[in-house]
Amino acid sequence: MRVGNERKRSGRKRAPRSTRALMLLFVGGAALAPVLAQIGQEVAVARHLRDGDEFSIPLKRLVAHGALLFSANWTDQEGGGRPLTKGTGAPLADQSAPLVFPRNMNRVSAPDANSCAGGHNLPRVGGGGDHVANVFVLGQRFDFATFDNFDFTPTRGGVDEAGDPVLLQGIANERNTLGMFGSGYIEMLARQMTADLQGIRDGIAPGGAAPLESKGVSFGSLARGGDGSWDTSAVEGLPGNSLGTSGPDSPPSLLIRPFHQAGAVVSLREFTNNAFNHHHGIQTIERFGAGTDPDGDAFFDEMTRADVTAASIFQAQLAVPGRVIPNDPEVEAAVLLGENRFRQIGCADCHIPRLPLDDSGWVFVEPNPFNPPGNLQPGDAPDFEVNLNHPALEQPRLRERNGVVWVPAFTDLKLHDITAGPDDPNREPLNMHFAPGSADFLAGNSRFLTRKLWGIANEPPFYHHGKYSTMRMSVEAHHGEAQYANDNWQALSSFEQDSIIEFLKTLQVLPEGTTSLVVDEGFRPRVWPPRASARSPRTP
């Protein structure tokens, strides 16, 4: 409801004098600045940062503001919702049916959440989510999913781009929300690996070829024809949009996209710009432009560049997952055996236990140089840097030794087909790397980014869809490129299989304030592997 004259509104608008009151906004216990609040106003974020504030306020307060944005339950008094646009940012197919009550929220096509923390909360804010928080990726290309097969307007509510009726099982890819812990290190690994691959690419002369490898991970090989054309047929583990080329002067980007379960997002910043619009209807200035109201809700400039930086830095600095290993000889022996068998049967070929960050790669820099258009680009603003190893950030942190930070994430940042073929129910109905409605888009997806196993044990449910209640179910669902490891798993004794599960159970997000990466059941620091266990573990 609007009271009085309609006017241009934004989160930074000065309230009418008759309804103003002076207050101080506190973020993380520290006053940011005196602001004017409107009596009776119901907003989650009373003060947004101004561009430039990110460089003038202490890091602790910037992170606290990012946490506020991440946890904010957005309201329609500050721009929450998107009446006239889809989650993709495009206009609704039917502008005569805006997304206002009772069409303002929709679990499939969104807006579907009031806050980021609504889906990222296990075991605390920043983590994964229960199955109830699953997202329907690509459902946002619909105005308002109704499954009404008599509604023949493409992507309005009941039929797809081709006019074919949609069902719940095929309208989108249902995915479990993943934890963001340690994600700053993951983004920096992807940046360095992309730079390595592009360096190899740039050294290939017409008629030549070279293996693509970074940090011990092979991405196949790249070749060029005699005319300089690019041959990506032997490249492995990268999405199709990282392999696109239109001729000799248009090399494939070879971008590693470490976020989204199918490897679709380059940076935390891109992830943030996408998610705030898609899930909450909050448009950022850098994505939609200053002074614009693309969704027709009469709110302008809903999130500033500095806001997006704060939200990105908050996610980048989230604690690194660690390990919880009880001081119990029987459990210790099983964990040791499980770690050993995990490597022996081939799980560690893709779930690589640790990858190296070198060349000061632990200094997280905004913006990411590989950001796609619609996200902050290098040169658009001064670089913002934060040392991810800094002890003032959320604990625990990693440490640099001899010029290297080893990131124990258990991934290779590659895409793998781990399904058993077209009829495997673990396949997804849509392929997000192709144009909506195209044949490739509708052919579905069977390739997934190698799951980062750090923190997995206390972020259930499991697998990309979150429909498995145990890690064992996930292990036994691996086929395709992982079939050899599955066969080896099946050949193990029951105790050896149990020991691998016991090892996986140690990989946890630790309680707030924990400073050691390896702790016992009381969250006290401990040494691992135990010094008395130098001998090789044996199966009883």
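Residues numbered from 1 in each chain as written. Predicted model: local features only at pLDDT ≥ 70, side-chain atom pairs only at ≥ 80, totals over all residues. Heavy atoms only, no water.

1. Some thoughts on the packing of helix H1 (residues 59-71) against helix H5 (residues 305-316)
Viewed as axis vectors pointing N to C, H1 and H5 meet at an angle of 95 degrees, and their least axial separation amounts to 7 Å. By the angle between their axes, H1 is roughly perpendicular relative to H5. Every residue of H5 that contacts H1 at Leu59, Leu62, Val63, His65, Gly66, Ala67, Leu69 and Phe70 is listed here: Asp307, Ala310, Ala311, Ile313, Phe314 and Gln315. Of the residues contributing to the contact of H1 with H5, the split by class is 10 nonpolar, 3 polar and 1 charged. (Axes fitted to C-alpha atoms, helices over the stretch in contact; angles between N-to-C directions. Helix = DSSP H or I, 4+ residues; strand = E, 2+ residues; numbered from the N terminus. Parallel < 35°, antiparallel > 145°, perpendicular 65-115°, else oblique. Contact = heavy atoms within 4.5 Å. Nonpolar A, V, L, I, M, F, W, Y, C, P; charged D, E, K, R; others polar.)

2. Digging into the environment of Arg472
Here Arg472 is to be found in helix H8 (residues 471-476). The exposure class assigned to Arg472 is partly exposed, which follows from its relative accessible area of 29%. Arg472 sits 25 residues away from Gln497 along the chain, and the two C-alpha atoms are 8.8 Å apart. Residue contacts for Arg472: discarding those within four places in its chain leaves Trp489, Gln497, Asp498 and Ile501. (Buried < 20%, exposed > 50% of the residue type's maximum accessible area, 1.4 Å probe, protein only.)

3. Here's the deal with helix H10 (residues 494-505)
If you check H10, its first and last C-alpha atoms are 16 Å apart, about what 12 residues at 1.5 Å a residue would give, namely 16 Å. Within H10, the full set of buried residues consists of Glu496, Gln497, Ser499, Ile500, Ile501, Phe503 and Leu504. Lining the buried residues of H10 we find strand E8 (322-324), helix H6 (329-344), H8, helix H9 (483-491) and strand E15 (507-508). (Expected span 1.5 Å × (residues − 1).)

4. Let's talk about the sheet that holds E15
Reading across the sheet, the 3 strands line up as E15-E8-E16 and stay open at both edges, with mixed pairing between neighbours. Of all strands in the sheet, those bounded by a partner on one side alone are E15 and strand E16 (518-519). Of the strand pairs in this sheet, E8 and E16 are connected by 2 bridges, and their pairing is parallel. In the strand pairing of E16, Arg323 is matched with Val518. (Pairing = 2+ DSSP bridges.)

Limitation: the analysis is restricted to geometry and does not speak to function.
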